[in-house]
Amino acid sequence: MTQKTLTASVSARLAARARWSPLEILFWLAVLASVFFLPNRHLILTETAILGLFALSLDLILGYAGIISLGHAAFFGAGAYAAGLLAKYEIITEPVLALFAAGAVAMALGFVTSFLVLRGSDLTRLMVTLGVALVLREIANKFGSITGGADGLQGITIAPIFGLFRFDLFGHTAYIYSLIVLFLLFLLARRIVNSPFGLSLQSVKGNALRASAIGIAVNWRLVAIYTVAAGYAGVAGALLTQTTAFTSLDVLAFDRSADVMLVLIIGGTGYLYGGLIGAVAFKLMQDWLANITPQYWQFWIGALLVVIVVVGRDRIANWIAPIRRLFETMGRARRKDRLTAAPSKGS
């Protein structure tokens with residue numbers, strides 16, 4: 001096989017991987033429908049969208065690069081405080097620009113700390129990421145004159161988006177705003193993981209030594225994806241601050257990192273939608289169980305995790321396999337019809 005043929009084969013395979021499946025289209029249509037058919041649930045749906053974006057950021061490093069983190073809240077909190085401080089002191093009043101700035105702050109933090117994460121095994125990474133989050137939380141608590149300390153950063157006023165769309169008490173603007181940001185960043189993440197860079201990340205995850213032997217710059221790829229994931233988490237934290245006009249030490253707490261890890265366990269890793277589906281399932285269970293047993297809702301979510309471990313994710317996936325195969329068949333038939341129709345148009 002010549003170099004040209006190999007390149008064409010790889011390009012065709014990447015293009016096939018990047019095609020939208022009917023299930024993906026159906027998922028986003030359902031998300032869009034929630035804007036119109038669930039107006040009374042926009043507040044909790046906003047939290048779900050933010051949690052989904054946060055989980056997506058963790059999936060980029062865990063599902064595609066194999067980097068385990070128990071301190072991903074460090075970047076979430078950095079973005080949250082950055083957005084809050086920018087708005088409170090009127091440094092950047094436009095929410096969209098502040099969102100980019102908060103993401104850049106989190107990316108800078110991710111880049112600096114990525115070199116610590118690269119050292120050692122998975123256990124070392126767990127301890128280092130957890131340590132970074134705990135250190136940041138203590139710094140935020142120490143400098144209470146800036147961050148508000150245990151009382152939280154108060155007095156935040158978020159300006160209307162583009163000067164036109166003001167945040168309301170019912171969460172309508174916040175939900176649409178969060179959904180747009182989530183969708184755009186999802187498109188970017190989808191492009192990243194379906195690119196040659198994304199394929200190289202999966203090879204690094206599978207066997208870093210072999211990937212290095214064939215010429216892949218393992219460390220720099222891990223630094224790059226860790227930095228990007230930190231930016232995603234920072235944007236999620238900034239969204240939380242902007243949609244609630246408040247932030248506190250809770251955004252840097254261990255519970256925040258544990259919750260997002262829990263979301264990925266529920267939804268699955270390595271296919272982007274795991275974080276989104278897991279966030280929806282987690283929030284629905286939390287809301288439902290908190291209404292039934294306010295004191296013990298965490299127990300029942302823990303019981304669900306036990307079921308997932310005992311039964312096995314593969315066996316659970318087999319229960320919905322017929323539906324998935326149906327949509328895959330529909331997608332292949334649609335592509336086949338498109339290919340057969342192309343020559344007739346040319347003639």
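Residues numbered from 1 in each chain as written. Predicted model: local features only at pLDDT ≥ 70, side-chain atom pairs only at ≥ 80, totals over all residues. Heavy atoms only, no water.

Trainee: Is there a simple way to explain the nonpolar core in this structure?
Mentor: Most often, soluble globular proteins have nonpolar side chains that are buried together. By size, the foremost hydrophobic cluster in this structure holds 88 residues, and its most contacted members are L53, L60, Y177, V181, L272 and F282. Here this core gets 14 residues from one element, more than from any other, and that element is helix α11 (residues 218-244). Residue contacts for L272: discarding those within four places in its chain leaves L56, D59, L60, Y64, F186, A189, R190 and V193. (Core = buried A, V, L, I, M, F, W, Y, C linked by side-chain atoms within 4.5 Å. Buried < 20%, exposed > 50% of the residue type's maximum accessible area, 1.4 Å probe, protein only. Helix = DSSP H or I, 4+ residues; strand = E, 2+ residues; numbered from the N terminus. Contact = heavy atoms within 4.5 Å.)

Trainee: I'm lost on unusual backbone geometry in this one. Help?
Mentor: Glycine aside, residues mostly have negative phi angles, and peptide bonds mostly take the trans form. Residue F162 is not a glycine yet carries a positive backbone phi of 55°. If you trace the backbone, F162 turns up in the loop between α7 (144-147) and α8 (172-193). Exposure remark for F162: the relative accessible area of 55% places this residue in the exposed category. Not every positive phi belongs to a glycine, and L272 is a case in point at roughly 65°. Relative to the elements of secondary structure, L272 occurs in the loop between α12 (254-267) and α13 (273-292).

Trainee: Where do I start with the packing of aromatic side chains in this structure?
Mentor: Enumeration over the complete set of coordinates arrives at 12 aromatic pairs. Measuring from ring centre to ring centre gives 5.3 Å for F27 and W28, while their planes differ by 90°; the resulting arrangement is edge-to-face. The buried category is assigned to W28, whose relative accessible area is 12%. An aromatic cluster of three or more residues is present, and its members are W20, F27, W28, F183, F186 and Y273. Positioned over the ring face of W20 is R190, at 4.3 Å from the centre of the ring. (Phe/Tyr/Trp six-rings, centres within 6.5 Å; stacked < 30°, edge-to-face > 60°. Lys NZ or Arg CZ within 6 Å of the ring centre and 35° of its normal.)

Trainee: Could you clarify how one ought to interpret α11 in this entry?
Mentor: Here α11 contains 27 residues, and its C-alpha end-to-end distance of 39 Å stays within 8% of the 39 Å for a straight helix at 1.5 Å per residue. Of all 27 residues in α11, 20 are buried, a share of seventy percent or more. Once α11 finishes, A245 follows within two positions and takes phi at roughly 55°, a positive value. (Expected span 1.5 Å × (residues − 1).)

Trainee: Just to check I follow, could you spell out the environment of T243 for this structure?
Mentor: Within the secondary structure, T243 is located in helix α11. For the pair T243 and P95, spaced 148 residues apart in sequence, the C-alpha separation works out to 10.0 Å. T243 has contacts with T46, I50, F167, A174 and S178, leaving out every residue within four places of it along the chain. There is a polar contact of 3.3 Å between the side chain of T243 and the backbone oxygen of L240. (Polar contact = N/O pair within 3.5 Å; in protein donor to acceptor, adjacent residues only side chain to side chain.)

Trainee: So what exactly am I meant to see when it comes to the side chain of S69 here?
Mentor: Mapping S69 onto the fold places it in the loop between α3 (42-62) and α4 (73-88). In terms of polar contacts, S69 uses its side chain to reach the backbone amide nitrogen of G71, at 3.3 Å. There is a polar contact of 3.3 Å between the side chain of S69 and the backbone nitrogen of H72. In contact with S69, other than residues within four places in its own chain, are L58, I61, L126, T129 and M261.

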